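Below are the chains, spelled out letter by letter.
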Amino acid sequence: ASNFTLSTHVKGFDYLTNHTYSNWAKPYVTQALQEGWITNTTHNYLSPITKREFVTLLKSATPTSYNSLLENIIQFNGSSIYKENLKTTRGEAAKVLYQFLSQLDLANILPSKTIVDLDQTTDSYAKAIQFCVDIGIMSINENGYFGPNEPLSYENALCIVSKVNAIINRYDSYGLPVS
(Lines give C-alpha, C1' and ligand atoms only; values in the text may rest on other atoms or scores of the structure.)
Protein backbone atom coordinates (compact mmCIF):
# COMPACT_ATOMS: atom_id res chain seq x y z
CA ALA A 1 0.00 0.00 0.00
CA SER A 2 1.19 3.54 -0.69
CA ASN A 3 0.45 4.52 2.92
CA PHE A 4 3.55 2.64 4.08
CA THR A 5 7.16 2.27 2.98
CA LEU A 6 9.74 -0.27 3.99
CA SER A 7 12.68 1.40 5.73
CA THR A 8 15.90 0.05 7.17
CA HIS A 9 17.08 1.14 10.60
CA VAL A 10 20.76 2.07 11.11
CA LYS A 11 21.09 -1.10 13.19
CA GLY A 12 20.10 -3.15 10.13
CA PHE A 13 16.49 -4.20 10.82
CA ASP A 14 13.59 -3.39 8.51
CA TYR A 15 10.44 -1.57 9.62
CA LEU A 16 7.36 0.03 8.06
CA THR A 17 7.12 3.79 7.89
CA ASN A 18 3.54 5.00 8.17
CA HIS A 19 2.38 7.81 5.84
CA THR A 20 -1.36 7.78 6.64
CA TYR A 21 -1.54 11.48 7.47
CA SER A 22 -2.15 14.74 5.63
CA ASN A 23 0.77 16.80 4.33
CA TRP A 24 0.13 19.53 6.93
CA ALA A 25 0.38 16.94 9.73
CA LYS A 26 3.81 15.58 8.79
CA PRO A 27 5.81 17.88 11.13
CA TYR A 28 3.55 16.99 14.07
CA VAL A 29 3.73 13.24 13.42
CA THR A 30 7.50 13.51 12.97
CA GLN A 31 7.87 15.47 16.23
CA ALA A 32 5.69 12.99 18.14
CA LEU A 33 7.77 10.07 16.87
CA GLN A 34 11.10 11.80 17.57
CA GLU A 35 10.03 12.92 21.05
CA GLY A 36 8.72 9.44 21.88
CA TRP A 37 5.10 10.54 22.46
CA ILE A 38 4.02 7.82 20.04
CA THR A 39 5.71 4.81 18.49
CA ASN A 40 5.94 3.90 14.83
CA THR A 41 2.70 2.08 14.10
CA THR A 42 0.32 1.00 11.36
CA HIS A 43 -2.39 3.13 13.01
CA ASN A 44 -4.19 5.39 10.53
CA TYR A 45 -3.54 8.99 11.66
CA LEU A 46 -6.67 10.16 9.83
CA SER A 47 -8.93 8.03 12.03
CA PRO A 48 -10.73 9.46 15.08
CA ILE A 49 -9.07 9.35 18.48
CA THR A 50 -10.73 8.36 21.77
CA LYS A 51 -10.72 10.54 24.88
CA ARG A 52 -8.51 7.98 26.63
CA GLU A 53 -5.99 8.04 23.75
CA PHE A 54 -6.04 11.84 23.71
CA VAL A 55 -5.32 12.14 27.44
CA THR A 56 -2.61 9.48 27.17
CA LEU A 57 -1.05 11.44 24.31
CA LEU A 58 -1.18 14.64 26.40
CA LYS A 59 0.52 12.83 29.30
CA SER A 60 3.30 11.54 27.06
CA ALA A 61 3.93 15.01 25.60
CA THR A 62 4.15 16.89 28.88
CA PRO A 63 6.70 16.59 31.70
CA THR A 64 5.77 13.87 34.20
CA SER A 65 5.37 16.50 36.92
CA TYR A 66 2.16 17.57 35.10
CA ASN A 67 0.62 14.10 34.82
CA SER A 68 -1.19 14.44 38.14
CA LEU A 69 -3.13 17.37 36.65
CA LEU A 70 -4.50 15.01 34.00
CA GLU A 71 -5.37 12.13 36.36
CA ASN A 72 -8.95 13.16 37.17
CA ILE A 73 -9.92 13.69 33.55
CA ILE A 74 -10.26 9.94 32.97
CA GLN A 75 -12.57 8.26 35.47
CA PHE A 76 -12.18 4.54 36.04
CA ASN A 77 -15.69 3.74 37.23
CA GLY A 78 -19.24 3.34 35.97
CA SER A 79 -20.11 4.19 32.38
CA SER A 80 -17.04 6.41 31.97
CA ILE A 81 -14.96 3.32 31.19
CA TYR A 82 -17.13 2.83 28.11
CA LYS A 83 -17.56 6.52 27.18
CA GLU A 84 -13.85 7.34 27.31
CA ASN A 85 -13.14 4.66 24.72
CA LEU A 86 -15.54 6.18 22.18
CA LYS A 87 -14.42 8.65 19.51
CA THR A 88 -13.90 12.07 21.06
CA THR A 89 -15.12 15.27 19.46
CA ARG A 90 -13.29 18.54 18.95
CA GLY A 91 -15.49 20.07 21.67
CA GLU A 92 -14.66 17.31 24.15
CA ALA A 93 -10.95 17.70 23.40
CA ALA A 94 -11.23 21.45 24.01
CA LYS A 95 -12.85 20.76 27.38
CA VAL A 96 -10.01 18.37 28.36
CA LEU A 97 -7.43 21.00 27.38
CA TYR A 98 -9.27 23.72 29.26
CA GLN A 99 -9.51 21.56 32.42
CA PHE A 100 -5.79 20.84 32.20
CA LEU A 101 -4.48 24.31 31.38
CA SER A 102 -6.81 26.16 33.77
CA GLN A 103 -5.12 24.30 36.64
CA LEU A 104 -1.97 26.17 35.61
CA ASP A 105 -3.78 29.53 35.61
CA LEU A 106 -3.36 29.70 31.85
CA ALA A 107 -7.07 29.91 31.07
CA ASN A 108 -7.67 33.52 32.09
CA ILE A 109 -7.76 35.31 28.75
CA LEU A 110 -10.39 37.48 27.13
CA PRO A 111 -12.21 36.08 24.08
CA SER A 112 -10.91 37.62 20.87
CA LYS A 113 -12.13 35.45 17.97
CA THR A 114 -15.72 35.02 16.85
CA ILE A 115 -16.74 31.38 16.66
CA VAL A 116 -19.96 30.99 14.69
CA ASP A 117 -21.12 27.59 15.93
CA LEU A 118 -20.69 27.90 19.71
CA ASP A 119 -24.48 27.76 20.01
CA GLN A 120 -24.28 24.04 19.15
CA THR A 121 -22.83 23.25 22.58
CA THR A 122 -23.24 23.99 26.29
CA ASP A 123 -21.70 27.00 28.05
CA SER A 124 -18.91 24.94 29.63
CA TYR A 125 -17.89 23.55 26.24
CA ALA A 126 -18.23 26.99 24.63
CA LYS A 127 -15.87 28.53 27.20
CA ALA A 128 -13.32 25.75 26.64
CA ILE A 129 -13.57 26.02 22.84
CA GLN A 130 -13.21 29.81 22.94
CA PHE A 131 -10.12 29.47 25.13
CA CYS A 132 -8.47 26.84 22.90
CA VAL A 133 -9.08 28.89 19.75
CA ASP A 134 -7.91 32.16 21.31
CA ILE A 135 -4.60 30.73 22.52
CA GLY A 136 -4.02 29.02 19.17
CA ILE A 137 -4.03 25.34 20.13
CA MET A 138 -7.22 24.65 18.14
CA SER A 139 -8.54 26.45 15.09
CA ILE A 140 -11.66 27.59 13.29
CA ASN A 141 -12.14 27.54 9.54
CA GLU A 142 -12.17 30.65 7.33
CA ASN A 143 -15.91 31.08 7.98
CA GLY A 144 -15.50 31.01 11.77
CA TYR A 145 -16.76 27.45 12.30
CA PHE A 146 -15.15 25.23 14.92
CA GLY A 147 -17.14 22.01 14.47
CA PRO A 148 -17.55 21.10 18.16
CA ASN A 149 -19.35 17.84 17.36
CA GLU A 150 -16.91 16.70 14.67
CA PRO A 151 -14.63 13.78 15.57
CA LEU A 152 -11.06 14.65 16.49
CA SER A 153 -8.58 12.79 14.28
CA TYR A 154 -5.33 11.36 15.54
CA GLU A 155 -3.36 13.77 13.32
CA ASN A 156 -5.32 16.75 14.70
CA ALA A 157 -4.63 15.49 18.22
CA LEU A 158 -0.89 15.34 17.46
CA CYS A 159 -1.00 18.93 16.19
CA ILE A 160 -2.83 20.12 19.31
CA VAL A 161 -0.54 18.21 21.67
CA SER A 162 2.52 19.67 19.93
CA LYS A 163 1.17 23.17 20.59
CA VAL A 164 0.35 22.32 24.21
CA ASN A 165 3.86 20.90 24.61
CA ALA A 166 5.34 24.21 23.43
CA ILE A 167 3.17 26.14 25.92
CA ILE A 168 4.07 23.80 28.79
CA ASN A 169 7.78 24.00 27.95
CA ARG A 170 7.62 27.81 28.13
CA TYR A 171 5.55 27.62 31.32
CA ASP A 172 7.80 24.96 32.85
CA SER A 173 10.81 27.23 32.51
CA TYR A 174 9.29 29.15 35.42
CA GLY A 175 8.48 25.98 37.39
CA LEU A 176 5.30 24.16 38.31
CA PRO A 177 3.28 26.23 40.79
CA VAL A 178 3.25 24.92 44.33
CA SER A 179 -0.21 24.51 45.88
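Every residue gets a number counted from 1 within its own chain, in the order that chain's sequence is written. Note on the predicted model: pLDDT of at least 70 is required for a residue's local features to be given, and 80 or more for side-chain atom pairs to be given and counted; whole-chain, interface and lining totals, by contrast, use all residues. With hydrogens and water set aside, each side-chain value is computed from the structure's full complement of heavy atoms.

## Notes on the overall build of the chain
Helix numbers and strand numbers start at the N terminus; a helix is a DSSP run of H or I with at least 4 residues, a strand a run of E with at least 2. Each helix and strand in the chain was counted, giving seven helices and two strands. Listed by position from the N terminus, the elements making up the chain come as β-β-α-α-α-α-α-α-α. Between buried and exposed lies partly exposed: a residue is buried under 20% and exposed over 50% of the maximum accessible area for its type, with that area taken using a 1.4 Å probe on protein chains only. Split into buried and exposed, the 179 residues of the chain put 41% on the buried side. Any two residues having at least one pair of non-hydrogen atoms within 4.5 Å are treated as being in contact. Pairs at least 24 residues apart make up 67% of the contacts formed inside the chain by residues separated by at least 6 positions. Surface summary for the chain: the accessible area is close to 10100 Å², and the carbon and sulfur share equals 51%. Surface accessibility follows the Shrake-Rupley procedure with a 1.4 Å probe radius. Residue values consider only the protein chains on display as shielding.

## What to know about the packing of aromatic side chains
When the centres of two rings from Phe, Tyr and Trp lie within 6.5 Å, Trp using its six-membered ring, the rings pair. Their planes under 30 degrees apart give stacked, over 60 give edge-to-face, and anything left gives tilted. With the rule as written, the count across this model stands at two aromatic pairs. For the ring pair Tyr-98 and Phe-131, a centre distance of 5.4 Å and an interplane angle of 70° mean the geometry is edge-to-face. Of this pair, Tyr-98 sits in helix H5 (residues 90–102) while Phe-131 sits in helix H6 (residues 123–134); the two residues are 33 residues apart in sequence, bridging distant segments of the chain. Pair check on accessibility: Tyr-98 and Phe-131 agree, each one buried. Stacked on the ring of Phe-146, the Lys or Arg Arg-90 has its end atom at 4.1 Å from the ring centre. Stacked on the ring of Tyr-125, the Lys or Arg Lys-95 has its end atom at 4.5 Å from the ring centre. Two limits define a charge over a ring: the Lys NZ or Arg CZ must be within 6 Å of the ring centre, and within 35 degrees of the ring normal.

## Thoughts on H6
Spanning 12 residues, H6 covers 16 Å between terminal C-alpha atoms, matching the ideal 16 Å at 1.5 Å per step. Looking one or two residues beyond H6, the residue adopting positive phi is Gly-136, at roughly 90°. Expected helix span is given by 1.5 Å per residue-to-residue step, counting one fewer step than there are residues.

## A look at the nonpolar core
One finds Phe-54, Leu-97, Phe-100 and Met-138 to be the most contacted residues of the largest nonpolar core, which totals 47 residues. Going through the elements one at a time, helix H1 (26–35), helix H2 (51–61), helix H3 (67–70), H5, H6 and helix H7 (154–172) are the ones with two or more residues in this core. Considering every element that reaches this core, the biggest residue donor is H7, with nine residues. Setting aside its immediate chain neighbours within four residues, Phe-54 contacts Ile-49, Ala-93, Val-96, Leu-97, Leu-152, Ala-157, Ile-160 and Val-161. Definition used in this section: a nonpolar core is a set of buried Ala, Val, Leu, Ile, Met, Phe, Trp, Tyr and Cys residues joined via side-chain atoms within 4.5 Å.

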